[in-house]
Amino acid sequence: MVNAWYIDDSLREPLDESVKRSDRHLNPPEYLTLDELRRKTGVTIETVNVDKYDNDSDNNNIEEELAKHASSKGYVYTDVLDIHAERLDNYSEKLRAFYTEHLHSDDEVRLVLVGSAYFDVRDIDNRWVRIHVRRGDQLNLLAGTYHRFTLDVDNYVKLFRLFGSKPDWSSFNRPADEHPARVDYMSRAVKGF
Ligand code: KMT
Ligand code: NI
């Protein structure tokens, strides 16, 4: 089950790594239900039974099985991102870019295979919402959503990435208010998504 909450944004960036990766709750904590999360940010969460894909009869690996499943749902490209210091090239640089507030022209869809992490998204009132995702959680983030990503204190996540069209790896750092995806996102936001 995914938890989402408003974070205490009173501390100025750049933050110590330990603060950045903490839950950063308000006092008292202010959680959002999944319905509030959708209405305030456009983010939806699906739960995928990843264990099912781990134990398939053809002895294919989980990534192949998930890719087949994704293709049946209309995704045209998938890959795996293993966010581990020794296995991911340019690890620190990538983490720095992921934590820089940005948006994309396409939806960002991420399924957690192993570990856990935080996705922070801006809500319609420009407040940061922190979403804690774990194995089996699939986060669907609309094109044009301002967001950022960080590992949590457990320091490891393996993500399955799903793309509805040919991957476009560009990120547009904030401010990108004139970006067509942002303009479109804002017009959906006023209608409550
Ligand atoms: C991105 O665009 O890749 C991100 O926002 C980082 C989260 S997925 C590693
Ligand atoms: Ni992104």
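Structure shown above.
Residues numbered from 1 in each chain as written. Chains lettered and ligands numbered in written order. Predicted model: local features only at pLDDT ≥ 70, side-chain atom pairs only at ≥ 80, totals over all residues. Heavy atoms only, no water.

(A) Expanded view of the overall build of the chain. Within the chain one finds six helices and eleven strands. For 193 residues, the compact-globule estimate of 2.2 N^0.38 gives 16 Å, and the chain sits close to it at 17 Å. Based on the C-alpha atoms only, the size of the chain along its principal axes is roughly 50 × 35 × 30 Å. For the chain, with 193 residues in total, the buried portion stands at 45%. In the chain, 76% of the contacts between residues at least 6 apart in sequence involve partners at least 24 apart. Carbon and sulfur atoms provide 48% of the accessible area of the chain, an area that totals close to 10200 Å². (Helix = DSSP H or I, 4+ residues; strand = E, 2+ residues; numbered from the N terminus. Rg over C-alpha atoms; globule rule 2.2 N^0.38 Å. Buried < 20%, exposed > 50% of the residue type's maximum accessible area, 1.4 Å probe, protein only. Contact = heavy atoms within 4.5 Å. Areas by Shrake-Rupley, 256 points an atom, 1.4 Å probe, with all protein chains shown as cover.)

(B) View of a nonpolar patch on the surface. Among the surface-exposed residues, Val76, Tyr77 and Trp169 lie close enough to one another that they form a single nonpolar patch of about 320 Å² accessible area. Mapped onto the fold, valine 76 is located in the loop between helix 4 (62-72) and strand 4 (77-83). Valine 76 sits in the exposed class, given a relative accessible area of 56%. (Patch = residues over 30% accessible without salt bridge, like charges linked within 9 Å, V, L, I, M, F, W, Y side chains within 5 Å. Salt bridge = Lys/Arg side-chain N within 4 Å of Asp/Glu carboxyl O.)

(C) Region of interest: the side chain of histidine 179. In this structure, histidine 179 sits in the loop between strand 11 (172-173) and helix 6 (180-190). With residues near it in sequence (within four places) discarded, histidine 179 still touches Leu103, Ser105 and Phe172.

(D) Representation of the pairing of strand 7 (residues 128-134) within the structure. Most of strand 7 is tucked away, with six of its seven residues classed as buried. Taken together, the four bridges between strand 1 (residues 3-6) and strand 7 define a ladder with antiparallel strand orientation. Each bridged residue has a counterpart across the sheet, and for asparagine 3 the counterpart in strand 7 is histidine 132. Here strand 6 (residues 108-122) runs beside strand 7; their pairing, made up of seven bridges, is antiparallel. In the strand pairing of strand 7, alanine 117 is matched with valine 133. Hairpin remark: strand 6 followed by strand 7, antiparallel, with five residues in the connecting loop; positive phi at asparagine 126, about 70°. (Pairing = 2+ DSSP bridges.)

(E) Fine view of the site of ligand 1. Leu81, Ile83, Phe98, His102, His104, Glu108, Arg110, Phe119, His147, Phe149 and Leu159 make up every residue found near ligand 1. The separation between an oxygen atom of ligand 1 and a polar side-chain atom of histidine 104 is 2.8 Å. A distance of 3.0 Å separates an oxygen atom of ligand 1 from a polar side-chain atom of histidine 147. Computed on the free molecule, ligand 1 has an accessible area of 280 Å², of which 96% lies beneath the protein chains in the complex. Comparing atom positions with the cavity grids shows ligand 1 to sit within the largest pocket. Put simply, the parts of the chain that give the shell around ligand 1 at least two residues each are strand 4, strand 6 and strand 9 (147-151). Looking at the shell around ligand 1, the element that brings in the most residues is strand 6, giving three residues. Considering only residue class, the shell around ligand 1 consists of six nonpolar, three polar and two charged. (Near = heavy atom within 4 Å. Polar contact = N/O pair within 3.5 Å; in protein donor to acceptor, adjacent residues only side chain to side chain. 1 Å grid on protein atoms, 1.4 Å probe; cavity = no way out; pocket = protein on both sides within 12 Å on 5 of 7 lines; lining within 4 Å. Sits in = over half its atoms within 2 Å of the grid points. Nonpolar A, V, L, I, M, F, W, Y, C, P; charged D, E, K, R; others polar.)

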